[in-house]
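Geometric and topological summary
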Amino acid sequence: MNVTVIGAGTMGNGIAHVFAQSGHAVTLVDLDQSRLDAALGTIDANLGRQVKKERITAEQQEATLGRIATQTDLARGVSEADLVVEAATEDATLKAKIFEQMDDAAPEAAILASNTSSISITQIAAATRRPDQVIGMHFFNPVPVMTLVEVVRGLATSDATYETVRQLSEDLGKVPVEVNDAAGFVSNRVLMPMVNEAVFCVHEGVATAEAVDTVMKLGMAHPMGPLTLADFIGLDVCLAILEVLHRELGEDKYRPCPLLRKMVAAGYLGRKSGQGFYTYD
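Residues numbered from 1 in each chain as written. Predicted model: local features only at pLDDT ≥ 70, side-chain atom pairs only at ≥ 80, totals over all residues. Heavy atoms only, no water.

As a reminder, the rule being used: UniProt positions are given in the numbering used here, feature names are shortened, and annotations may be inferred rather than shown by experiment.
Per an unreviewed UniProt entry, the protein carries the name 3-hydroxybutyryl-CoA dehydrogenase and comes from Rubrivirga marina. UniProt annotates the protein under Sequence similarities (unreviewed entry) with the comment "Belongs to the 3-hydroxyacyl-CoA dehydrogenase family."

A word on the UniProt feature "domain: 3-hydroxyacyl-CoA dehydrogenase NAD binding" (unreviewed entry) in the protein
Where we set the bar: Secondary structure elements are defined from DSSP: runs of H or I of at least 4 residues count as helices, runs of E of at least 2 residues count as strands, and each element is numbered from the N terminus.
When the UniProt feature table is mapped to this numbering, "domain: 3-hydroxyacyl-CoA dehydrogenase NAD binding" (unreviewed entry) covers residues 2–181. Between the C-alpha atoms that bound residues 2–181 the distance is 26 Å, and the span itself is 43% helix and 22% strand.

So, the pairing of strand S2 (residues 25–29)
Applicable threshold: Each pair of strands is called paired provided DSSP finds at least two bridges between the two strands. Orienting the strands away from the viewer, one traces the path from the first strand over the helix to the second; a clockwise path indicates a right-handed crossover.
In this structure, strand S1 (residues 2–6) lies alongside S2, joined through five bridges in parallel fashion. If you follow Asn 2 over to S2, its bridge partner there is Ala 25. Once you follow S1 into helix H1 (residues 10–21) and on to S2, the crossover reads as right-handed. Sheet topology note: the S2/strand S3 (residues 68–71) ladder contains four bridges and is parallel. Following the sheet pairing, Val 29 is matched in S3 by Gln 71.

Let's talk about the packing of helix H10 (residues 226–233) against helix H11 (residues 235–249)
For clarity, the cut-off: In this analysis, axes come from line fits to C-alpha atoms, helices being fitted only over the stretch in contact, and the angle between any two N-to-C directions falls in the range 0 to 180 degrees. With respect to orientation, any angle under 35 degrees is reported as roughly parallel, any angle over 145 as roughly antiparallel, any angle of 65 to 115 as roughly perpendicular, and every other angle as oblique. Only heavy atoms matter for contacts: two residues are in contact if any of them lie within 4.5 Å across the pair. Side-chain classes are defined by residue name, with Ala, Val, Leu, Ile, Met, Phe, Trp, Tyr, Cys and Pro counting as nonpolar, Asp, Glu, Lys and Arg as charged, and the others, Gly among them, as polar.
Running from N to C, H10 and H11 cross one another at 95°; their axes reach a closest spacing of 6 Å. Between H10 and H11, the angle falls in the class roughly perpendicular. Each of Ala 230, Asp 231 and Ile 233 in H10 lies in contact with H11, whose residues at this interface are Leu 235, Val 237 and Cys 238. Looking at the contact of H10 with H11, its residues break down into five nonpolar, no polar and one charged.

What about the packing of H1 against helix H2 (residues 33–52)?
Note the cut-off: Take the far helix as your reference; a near helix turned counterclockwise from it by less than a right angle gives a left-handed crossing, and one turned clockwise gives a right-handed crossing.
Look at H1 against H2: their axes get within 10 Å of each other, and the N-to-C directions meet at 55°. Between H1 and H2, the interaxial angle falls into the category oblique. Of the two elements, H1 crosses H2, and the hand of that crossing is right-handed. Mapping the contact onto sequence places Asn 13, Ala 16, His 17 and Gln 21 in H1 and Ala 39, Thr 42, Ile 43, Asn 46, Leu 47 and Gln 50 in H2.

Some words on the pattern of salt bridges
To be explicit about the condition: By salt bridge we mean one thing: a side-chain nitrogen of Lys or Arg within 4 Å of a carboxyl oxygen of Asp or Glu. Exposure categories follow from relative accessible area, calculated using a 1.4 Å probe and restricted to protein chains: below 20% of the type maximum is buried, above 50% is exposed, and the middle band is partly exposed.
Tallied over the full model, the rule gives 14 salt bridges. With a closest N to O distance of 3.7 Å, Arg 129 and Asp 103 form a salt bridge. Of the two residues, Arg 129 sits in the loop between helix H6 (121–125) and strand S6 (134–138) while Asp 103 sits in helix H5 (residues 92–105), which places them 26 residues apart along the sequence. According to the relative accessible area criterion, Asp 103 is buried, its value standing at 5%. Taken together, the shared-partner salt bridges in this structure form one network comprising Asp 103, Asp 104, Arg 129 and Arg 130.

Describing the domain arrangement of the protein
Selection rule: In this document the domain limits rely on a domain assignment from an automatic tool or a database. Two parts lose some accessible area (1.4 Å probe) when they are put together, and adding that loss for both gives the buried area.
Taken domain by domain, the protein holds domain 1 (2–180) and domain 2 (188–272). For domain 1 versus domain 2, the separation of C-alpha centres amounts to 27 Å. Opposite the seven residues of domain 1 that make contact, domain 2 presents five residues. Note on domain 1 versus domain 2: buried area summed over both sides is about 500 Å², and carbon and sulfur give 58% of it. Together, Ser 117, Ser 118 and Asn 141 form the three largest contributors to the area buried by domain 1 at its contact with domain 2, with a combined 60%. Taken together, the links from domain 1 to domain 2 amount to zero salt bridges.

The following block contains the structure:
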């Protein structure tokens with residue numbers, strides 16, 4: 001299968017990695033060639049770790065990289081795709097524009113998927129002339145490691161489209177879970193209020209970030225605390241998802257904590273910026 005991935009960021013390069021490792025020809029698209037080069041470097045490094053752990057061979061690493069092409073022109077990048085997976089910034093207007101372009105340039109039979117973590121698949125599909133072939137394919141970070149894929153059906157998503165993506169997810173070694181279209185789907189509708197409440201605990205002086213995380217790790221058996229996880233996801237991403245939940249569901253329990261807004265405004269985005277609730281080298 002020819003797979004095109006739109007966006008060479010953390011999620012995009014991870015999605016390209018798993019498709020290429022499973023034998024698919026992948027085209028990774030981004031407007032910035034330097035981001036594409038960086039993505040290939042990240043994929044190579046991650047494959048190298050798999051070689052060191054003896055999960056794959058050096059020959060498989062080389063073959064996987066050989067299946068990934070890069071492209072800065074979206075129309076050319078999707079022109080021969082059987083499946084396109086959009087992994088751009090979590091912005092509804094941007095995604096609608098990308099899906100319009102994908103719809104114009106991709107083959108008629110191509111499935112158009114979004115890796116969105118919160119935005120309505122029905123809304124995204126409305127930007128195309130093929131809403132029955134639009135679906136959510138929500139991977140989790142780090143994509144090569146995490147096994148879950150939320151497969152999100154929009155209002156018009158056909159059974160054939162769902163079944164193709166479900167089977168494809170299994171072929172990647174993932175566990176697909178069917179979810180109907182609703183703000184935040186299941187994962188972030190449950191996770192983000194917990195993260196937000198953890199931020200409120202710090203904001204209101206209930207406890208330090210370290211204390212909140214320790215309580216949740218030792219008391220609730222979470223592998224990492226919610227604030228460490230928020231730093232890993234990206235505080236800007238957490239804020240964007242909470243804003244979608246608050247707007248779409250209209251309930252104050254999804255209102256983003258003022259401290260989260262302040263930190264994002266200051267550029268404290270977590271691991272990727274070097275500073276969030278914790279400091280990173």
